[in-house]
Amino acid sequence: FYVRDFIEFFRKLDEFERELAEARPNRFYVGVVGGGELGVRVSRHLPERLRKYSPKLCWEIFEKDDVILSHYQAQIRRKVEQELRSRDVLYHTQY
């Protein structure tokens, strides 16, 4: 689903989660457009929440710049990248 603000995001997320709980798909793909702060925060927390409905959830971030969190220091980026990998969240840059 596509959203432009937080209120709409949480409303649609609840709706989506109910549908996912009902369907219980074996494999499910989520793509987040944007590797800025919001895209990364969502990608750090939601996969765990949604994997209970679809254990083979594939979560990916697509970023147009050459790094995610481009406005952050390299040391912070590396730590976040490592955390994303440990949570099985893929990210693609220059996309």
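Residues numbered from 1 in each chain as written. Predicted model: local features only at pLDDT ≥ 70, side-chain atom pairs only at ≥ 80, totals over all residues. Heavy atoms only, no water.

### Regarding the pattern of salt bridges
So, step 1. Tallied over the entire structure, the rule returns nine salt bridges.
So, step 2. Put simply, Arg44, Glu48, Glu83 and Arg87 are held in one network by salt bridges that share partners. (Salt bridge = Lys/Arg side-chain N within 4 Å of Asp/Glu carboxyl O.)

### A word on the pairing of strand S2 (residues 56–62)
So, step 1. Extensive coverage of S2 is indicated by the burial of five of its seven residues.
So, step 2. Where strand S1 (residues 27–33) meets S2, seven bridges bridge the pair, whose relative direction is parallel. Along S2, the bridge assignment pairs Val33 with Phe62.
So, step 3. For the crossover that starts at S1, traverses helix H2 (residues 37–51) and ends in the parallel S2, the hand is right-handed. (Buried < 20%, exposed > 50% of the residue type's maximum accessible area, 1.4 Å probe, protein only. Helix = DSSP H or I, 4+ residues; strand = E, 2+ residues; numbered from the N terminus. Pairing = 2+ DSSP bridges. Right-handed = clockwise from strand over helix to strand, strands pointing away.)

### Some thoughts on the packing of aromatic side chains
So, step 1. Going through the model one piece at a time under the given rule, you end up with three aromatic pairs.
So, step 2. When the ring of Phe16 is compared with that of Phe28, the centres are 5.5 Å apart and the planes differ by 45°; the resulting orientation is tilted. Taken together, the positions of Phe16 in helix H1 (residues 6–23) and Phe28 in strand S1 put the pair 12 residues apart, joining distant regions of the chain.
So, step 3. Relative accessible area serves as the criterion here: at 17%, Phe16 is assigned to the buried category. (Phe/Tyr/Trp six-rings, centres within 6.5 Å; stacked < 30°, edge-to-face > 60°.)

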